[in-house]
Amino acid sequence: MKKNIQYGVLSLVTCLFLISQAGIVCAAQASTNYTFWHSTAEQAAKEAWRLLGGKPAEVVVLTNAGYAVVNGSTTEGCLDGLTKASGATVGKANLLEVHSSRDKALWFLFFDKNTGQSAYCEVNPQAVPADLNQGKKVAAVPSAKLFARIAAANIGANQIFANPAEWNAKVQARIFNGNEFALVTLANVAAHGAPYDFVKAALYHDHLCPGVNSGYLIANYLKKELPLRSADEKYYIISVPVWCKEDALQTVLNTTPGKSGMAVLPMDEQLKARLIPEAKNLAGIYIRWNDKSKTGAGLVLAFDFARANSIGNIDNNQGFPWESKVKLDLFLLDYYDKPEVFVSTIKKFDLKAGDKPDTLASPGVNVLNKLGLLVSSN
């Protein structure tokens, strides 16, 4: 017995030693990663100041650092480097972390709020030292080798609207490697002083489009028309049909599918054609559920994009494809406290005793038919 205890103690000590050593290695790797990426962000800022003729008085910095993984190395260290070089911070709402796949190229954009001028730097993954994750010191990489793409352009809303053909040529040339629409919309909405929770929704979606705007307006409409009244209540959303609004709703209301806050039900064109006339602008089904009393009240909502374009004097058939979208994005900023201008209630309903929100979204249940939103298929 005593021998077994001794072996057990020895094994435990050995395990703790190995864990501690692994921790030291991980700490070394993290330190090396941090130093390299911190320096990379500072180099990007230096390139930006060179292109912009100096550090702007009011700068917005956008990046997918922290999401992008380069050669197996995470890139969160860039965020501190950007703050040191530019003074931009998350708290000031001028350091914007743009959601992206970890497989996407790592990039930075520096935007001058006063002039609209911007500078873009994208990291060349082949220039990132291969032994970065081995805890070894790495030599600095010259900017000419470190960045695969460095570009400058005026992306201020007034500038691109005044010269749409000029900007469109740059879009076609992919000066920001395909990120042109995302960076134009995100930079301009930040410069226009949009509410930060909305900016977070746009960042999660990785660009701003009218669909994200509609989701934010719907969330504000719910706050007015179907507010949560206690800690026992929460929203459950049946997203039907599906468009970009879902990303805004998840961000602002925390109604993620993984936390049983949303069911996503796509609609094909044939089913859309069967919607009753009142539901032609259907924008989903929204339920306020009380988990304590097991009761729920719901709204079927509509969003009128045609009305938004009409009031904003925006013609989708004129100009370049991106043009009307950017105009509508900025136009809708003025209506965040007036969501009822574009959002309306098609129908109100209460859940029956014994029903739960996900009952309506269960496989085999036609929620549209159940709520009387479809005309007969005959």
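Before any of the text, the structure's been laid out above.
None of the values given here were measured: they were computed from a predicted structure. The residue count restarts for each chain, going from 1 along the sequence in the order it is written. Under the rules for a predicted model, residues below a pLDDT of 70 receive no local features and side-chain atom pairs below 80 are neither given nor counted, while totals for whole chains, interfaces and linings still include all residues. Side-chain numbers here rest on the full set of heavy atoms in the structure, without hydrogens or water.

Thoughts on the sheet that holds strand β9 (residues 262-264)
Strand pairing is assigned whenever DSSP detects at least two bridges linking the two strands. Helix numbering and strand numbering both begin at the N terminus, where a helix is a DSSP run of H or I of at least 4 residues and a strand a DSSP run of E of at least 2. The five strands lie next to each other as β9-β8-β10-β11-β12, forming an open sheet whose pairing is mixed. The open sheet has two edge strands with one neighbour each: β9 and β12 (343-350). Each neighbouring strand pair of the sheet contributes to a mean axis angle of 20°, computed without reference to strand direction. By the bridge criterion, seven bridges tie strand β10 (residues 282-290) to strand β11 (residues 295-303) in an arrangement that is antiparallel. Within the sheet, the bridge partner assigned to W289 lies in β11 and is G296. Contacts from helix α8 (residues 210-225) reach β8 (233-239), β10, β11 and β12 within the one sheet, and its direction differs from that of β11 by about 135°. Contacts: residue pairs with any heavy atoms within 4.5 Å of one another. Fitted lines through C-alpha atoms give the axes, limited to the stretch in contact for helices. The angle between two N-to-C directions lies from 0 to 180 degrees. Across the face of the sheet, helix α9 (residues 245-253) comes into contact with β8, β9 and β10 while running at roughly 170° to β8.

Considering the sheet that holds strand β6 (residues 117-123)
On the basis of which strands lie adjacent, the open sheet formed by five strands has the order β4-β1-β5-β6-β7 and mixed pairing. Each of the sheet's edge strands pairs with one partner strand only, and the pair in question is β4 (95-97) and β7 (147-154). Along the sheet, successive strands turn relative to each other by an average axial angle of 15°, direction set aside. Sheet topology note: the β6/β7 ladder contains seven bridges and is antiparallel. In the strand pairing of β7, S118 is matched with A153.

Details of the pattern of salt bridges
What makes a salt bridge here is a side-chain nitrogen of Lys or Arg within 4 Å of a carboxyl oxygen of Asp or Glu, nothing more. Summed over all chains, the structure comprises 12 salt bridges. Where K170 meets E166, a salt bridge forms, and the shortest distance between an N and an O atom there is 3.9 Å. With a gap of four residues between them, K170 and E166 both fall in helix α5 (residues 164-173), about one helical turn apart. Relative accessibility under 20% of the residue-type maximum defines a buried residue, over 50% an exposed one, and the middle range a partly exposed one, all with a 1.4 Å probe and only protein chains included. Under the relative-accessibility criterion, K170 is labelled partly exposed at 25%. Through salt bridges with shared partners, a single network forms among R229, E233 and R288.

Quick word on the nonpolar core
Here, nonpolar core refers to any group of buried Ala, Val, Leu, Ile, Met, Phe, Trp, Tyr and Cys residues whose side-chain atoms link them within 4.5 Å. Counting 63 residues, the largest nonpolar core has L62, L109, I155, W167, F176, F198 and I218 as its most contacted members. Per-element tally for this core: the top contributor is α8, with seven residues. When sequence neighbours within four positions are dropped, the list of residues in contact with F198 reads V189, L208, V212, N213, Y216, L333 and Y336.

Describing unusual backbone geometry
Trans is the prevailing form of peptide bonds, just as negative phi is the prevailing case for residues other than glycine. Cis peptide bonds are those with omega within 30 degrees of zero, and the linkage from V240 to P241 qualifies with -5°. Looking at where P241 falls in the secondary structure, it is placed in the loop between β8 and α9. Positive phi values are uncommon outside glycine, yet A93 reaches one of about 60°. Its place among the elements puts A93 in the loop between α2 (77-86) and β4.

Digging into the pairing of β6
Burial runs high along β6: six of the seven residues are buried. Sheet analysis places strand β5 (residues 107-112) next to β6, joined by five bridges and oriented antiparallel. Looking at the pairing, F108 lines up with C121 of β6. What sits between β5 and β6 in their antiparallel hairpin is a turn of four residues, with G116 showing a positive phi close to 85°.

As for the packing of α8 against helix α12 (residues 321-332)
For any two helices packed against each other, one specifies the crossing angle of their axes together with the interaxial distance. Two elements in contact, α8 and α12, have axes separated by 9 Å at closest approach and are oriented at 20°. In this view, α8 runs roughly parallel relative to α12, as classed from their interaxial angle. Of the two possible hands of crossing, α8 and α12 adopt the one that is left-handed. Touching P210, N213 and L217 of α8 are K325, L328, D329 and L332, all from α12. Basically, the charged four are Asp, Glu, Lys and Arg, the nonpolar ten are Ala, Val, Leu, Ile, Met, Phe, Trp, Tyr, Cys and Pro, and anything else, Gly included, counts as polar. Considering only residue class, the contact of α8 with α12 consists of four nonpolar, one polar and two charged. Geometric relationships in this document are graded by angle, where less than 35 degrees denotes roughly parallel, more than 145 denotes roughly antiparallel, 65 to 115 denotes roughly perpendicular, and other angles denote oblique. Crossing handedness follows the turn of the near helix against the far one: under a right angle anticlockwise gives a left-handed crossing, and clockwise gives a right-handed one.

Considering the pairing of β5
Of all six residues in β5, six are buried, a share of seventy percent or more. Here β5 shows two buried faces, one formed by W107, L109 and F111 and the other by F108, F110 and D112. Bridge analysis of strand β1 (residues 59-63) against β5 gives five bridges, and the strand direction is antiparallel. When the bridges of β5 are listed, V61 appears paired with F110.

What to know about the environment of N158
Summarising the element assignment, N158 is placed in helix α4 (residues 157-162). Sequence separation between N158 and T115 is 43 residues; the distance between their C-alpha atoms is 9.9 Å.

Quick word on the packing of aromatic side chains
Two aromatic rings, drawn from Phe, Tyr or Trp (for Trp, its six-membered ring), form a pair once their centres lie within 6.5 Å of each other, and the interplanar angle then sorts them: stacked below 30 degrees, edge-to-face above 60, tilted otherwise. Taken as a whole, this structure holds 15 aromatic pairs when the rule is applied. Seen in terms of ring centroids, F36 and W37 are 4.9 Å apart; in terms of plane orientation they differ by 80°. Their pairing is edge-to-face. An identical accessibility class is assigned to F36 and W37; each is buried. Ring geometry for Y335 versus F342: centroids 5.0 Å apart, planes at 65°, classification edge-to-face. These aromatic residues form a ring-pair network of at least three members: W243, F303, F305, F331, Y335 and F342. The positively charged end of K245 is found above the aromatic ring belonging to W243, 3.7 Å away from the centroid. Only when the NZ of Lys or the CZ of Arg is both within 6 Å of the ring centre and within 35 degrees of the ring normal is a charge said to sit over the ring. One cation-aromatic arrangement involves K327 over F161; the distance from NZ or CZ to the ring centre is 5.5 Å.

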